[in-house]
Amino acid sequence: MKSPSLPAAPSWLIRIPEIFAGIVPEIIRRLDPPSCTKLGHEYWLLRPADPAALRRAELARFVRWNLPVQHSWPCGPRTMDGFVEKAAQALVRKFAVRQPQTLLIGLLHPGSRDSYYKQLASNLRGRTLQLFPPTAVAPHAAEAQDPNAPTLFCLLGKEGLFCGMQSPRHCNGFHPGGTRYISQNPAETISRAGAKLAEALHYLRLHRPPPPTHAHWLELGASPGGMTSELLARGYRVTAVDRVLLHPRLAHSPDLRFFCGDAATFRAEPDACYEAILSDMNGAARDAIAAVLRLATPLRPGGLVIFTLKTGGATTLPEIQRLFATVTALAATGGLRLFAQTHLTYNRHEFTLFFESAATSHSSPRSDTSSSSQPR
Ligand SMILES: C[S@@+](CC[C@H](N)C(=O)[O-])C[C@H]1O[C@@H](n2cnc3c(N)ncnc32)[C@H](O)[C@@H]1O
C-alpha cells in the first residue's frame, strides 16, 4: 500500500554512500523495483514496489538522500545543442506554477575533476532563475530553506537531468544529494571528526534548531579535539571527557573543562545542566550508549544527544539492524527518544543518531554528582 504522504512518482533517485556498496544489492532487493539504473557516483534510479519502504528506518538509514523524479531528461547534455535553454524552459513549464521555495542543482558525479558539469549546472540554475518567478530563498543560502516546504531539486550529469519537488526534510538534506560538504584545511584541522560535527549540526536543522550560543555541552570521547574545537568556535561551553589528552592547541580555552579518564568514572559537576551531549567514543556501541545514559541525568528536558554509532563488526543489513535495535531500545529505557539518524559524508563505518531527552524535570536523584571533574 502506498503512503498517502509520498508524492506520486514513477521513479526515485536515491543516493547510497559508497561505503555500503556491499549491501546495495540487498537494499535494492528489499525495494523490489522492476528496474534499477546506476547513475553517477552513488545514485540509483528505480521504481520501488512500495515507495513507503524508502522511509522505513531499516532502509532509510542507508539512503543518504532521495528524490521523487517528476521530470527526467536522459540525454547527453555535452553533445546536446541548446541544452541549457531547453532544460530551463522545461523546468519553468513543469514547476513554476508549484512555486518551489528555491531551485537547487547538484551533480551526479560530485567528486569529478571534470568541471564541465559544474559550470553547466551553474548556467542552468542562472537561466532557470531568470525565467522563474522570484523564489523565497536564494540558491546560495540552502540552509535558510524551510525544511518542510518543497524545493525543486535537480541532479545533473553525463547521464542527463533528473528533477523533482520535495521538502529538504523528506529528501534528508538541504542540498541536492545531502548535506553541505565541509572542506577541511589539514594544517588547521585537529581531526576530521570536526567536519563530522559541523555536518551533523547542519543536518540537525532539518529537525530542530541547534542549541543556543553559550549552551553547555558534555562531550564523551573528545580526543584529540576536532569536535571540541568546532563546539568552542560556535561559542559553546564544553566539558570534554577522554582517556587521552586533547590537542595542546585547546589547552587554554576558557570555555573548556577537560576530564582525562574513562567516561565510566567521570562524575558530572553537582550543579551541571547540559543542553546537549555529544558522544564519539569508539569501542562497543552498547558501552557507549550506557555511558551516555549514566550521564544523561543533568541533561535538560528536551536536551539533545548526538551519538556516533560505530558499527564495529556489524556489516550485513540484519546485523546493523540488530545493533540499531539494541542501542535505541537502551536509549529509550533512559528516556532518550531517537528523532533522526543518518550517514554523513564524513561518517565511515558509523551512523550519526540524534536523540532528545524526554525527561520533564531534573528532580530525579543523581548518583554521579561528586566533584571529581578536573579542569585543565
Ligand atoms: C574517534 S575518537 C574521537 C575523536 C574526537 N571526537 C575528535 O573530534 O577528535 C574516539 C575517542 O573515544 C575515546 N574513548 C573510547 N572509549 C572511551 C571511554 N570509555 N572513556 C573515555 N574515552 C573513551 C578514545 O580514547 C578516543 O580518543
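Residues numbered from 1 in each chain as written. Predicted model: local features only at pLDDT ≥ 70, side-chain atom pairs only at ≥ 80, totals over all residues. Heavy atoms only, no water.

**Regarding the sheet that holds strand β2 (residues 36–39)**
Phase 1: Read from one edge of the open sheet, four strands run β2-β3-β1-β4, paired in antiparallel fashion. This sheet does not close on itself; its edge strands, each paired only once, are β2 and β4 (65–69). Ignoring which end each strand starts from, the neighbouring axes of this sheet average 20° apart.
Phase 2: Here strand β1 (residues 11–15) pairs with strand β3 (residues 43–46) via four bridges, running antiparallel. Residue pairing across strands places Ile 14 opposite Trp 44, the latter belonging to β3.
Phase 3: The sheet strands contacting helix α1 (residues 24–31) are β1, β2 and β3, and the helix crosses β3 at an angle near 20°. (Pairing = 2+ DSSP bridges. Helix = DSSP H or I, 4+ residues; strand = E, 2+ residues; numbered from the N terminus. Axes fitted to C-alpha atoms, helices over the stretch in contact; angles between N-to-C directions. Contact = heavy atoms within 4.5 Å.)

**Considering the site of the ligand**
Phase 1: Neighbouring the ligand are 19 residues, the closest being Ser 191, Met 227, Asp 242, Ala 263 and Asp 280.
Phase 2: Measuring from an oxygen atom of the ligand, one finds a backbone N or O atom of Pro 224 at 3.4 Å.
Phase 3: At 2.8 Å, a backbone N or O of Met 227 approaches an oxygen atom of the ligand.
Phase 4: Surface burial for the ligand is 86%, taken as the share of its 600 Å² of free accessible area covered by protein chains.
Phase 5: In this structure the site holding the ligand corresponds to the second largest pocket. (Near = heavy atom within 4 Å. Polar contact = N/O pair within 3.5 Å; in protein donor to acceptor, adjacent residues only side chain to side chain. Areas by Shrake-Rupley, 256 points an atom, 1.4 Å probe, with all protein chains shown as cover. 1 Å grid on protein atoms, 1.4 Å probe; cavity = no way out; pocket = protein on both sides within 12 Å on 5 of 7 lines; lining within 4 Å. Sits in = over half its atoms within 2 Å of the grid points.)

**Looking at empty space enclosed by the protein**
Phase 1: Scanning all chains against the criterion turns up two cavities of 30 Å³ or more.
Phase 2: In this structure, the largest cavity encloses a volume near 40 Å³.
Phase 3: Around the largest cavity, the lining residues are Arg 64, Asn 172, Gly 178, Thr 179, Tyr 203, Thr 342, His 343 and Leu 344.
Phase 4: When its residues are assigned to classes, the lining of the largest cavity shows two nonpolar, five polar and one charged.
Phase 5: Taken as a whole, the second largest cavity holds about 30 Å³ of empty space.
Phase 6: In terms of lining, the second largest cavity is formed by Lys 196, Leu 197, Ala 200, Met 227, Leu 278, Ile 306, Thr 308 and Thr 352.
Phase 7: Among the secondary structure elements, those contributing two or more residues to the lining of the second largest cavity are α6 (193–204) and β13 (299–310).
Phase 8: Looking at the lining of the second largest cavity element by element, the count peaks at three residues for α6.
Phase 9: Looking at the lining of the second largest cavity residue by residue, the class counts come to five nonpolar, two polar and one charged. (Points joined across faces, edges and corners; volume = space filled by probe spheres on them. Nonpolar A, V, L, I, M, F, W, Y, C, P; charged D, E, K, R; others polar.)

**Section: the domain arrangement of the protein chain**
Phase 1: Split by domain assignment, the protein chain resolves into domain 1 (11–171) and domain 2 (193–357).
Phase 2: Averaged C-alpha coordinates put domain 1 and domain 2 at centres separated by 31 Å.
Phase 3: Contacts between the two partners involve 17 residues from domain 1, matched on the other side by 18 residues from domain 2.
Phase 4: Regarding the contact of domain 1 and domain 2, the summed buried area is about 1,600 Å², with carbon and sulfur atoms giving 63% of it. (Domains from an automatic or database assignment. Buried area = accessible area lost by both parts, 1.4 Å probe.)

**Section: the environment of Arg 192**
Phase 1: Among the structural elements, Arg 192 can be located in the loop between α5 (168–171) and α6.
Phase 2: Separated by 65 residues in sequence, Arg 192 and Arg 127 have C-alpha atoms that sit 37 Å apart.
Phase 3: Beyond its immediate sequence surroundings of up to four residues, Arg 192 is in contact with Gln 184, Tyr 346, Asn 347 and Arg 348.

**Remarks on the nonpolar core**
Phase 1: Core analysis: the biggest nonpolar cluster contains 50 residues, and Ile 14, Leu 220 and Phe 307 have the highest contact counts within it.
Phase 2: Two domains each donate at least three residues to this core, and these are domain 1 (11–171) and domain 2 (193–357).
Phase 3: Leave out the neighbours within four places in its chain, and Leu 220 touches Val 241, Ala 263, Ile 277, Leu 278, Ser 279, Asp 280, Met 281, Ala 291, Val 292 and Leu 295.
Phase 4: Grouped together as the second largest cluster of nonpolar side chains are 30 residues, Tyr 236, Phe 258, Phe 339 and Phe 354 included. (Core = buried A, V, L, I, M, F, W, Y, C linked by side-chain atoms within 4.5 Å. Buried < 20%, exposed > 50% of the residue type's maximum accessible area, 1.4 Å probe, protein only.)

**Some thoughts on the side chain of Ser 191**
Phase 1: As for its position among the elements, Ser 191 is in the loop between α5 and α6.
Phase 2: Owing to a relative accessible area of 16%, Ser 191 belongs among the buried residues under this scheme.
Phase 3: Excluding anything up to four places from it in sequence, Ser 191 contacts Gln 184, Pro 224 and Gly 226.

**Things to note about the sheet that holds strand β12 (residues 274–279)**
Phase 1: Pairing in this open sheet of seven strands is mixed, and the strands run β11-β10-β9-β12-β13-β15-β14 from one edge to the other. Because the sheet does not close on itself, it has two edges, and the strands there are β11 (256–260) and β14 (336–342). Sheet twist, expressed as the mean angle between neighbouring strand axes with direction ignored, is 15°.
Phase 2: In this fold helix α9 (residues 317–333) packs onto β13, β14 and β15 (350–357), with an angle of close to 20° to the strand it touches most, β15.

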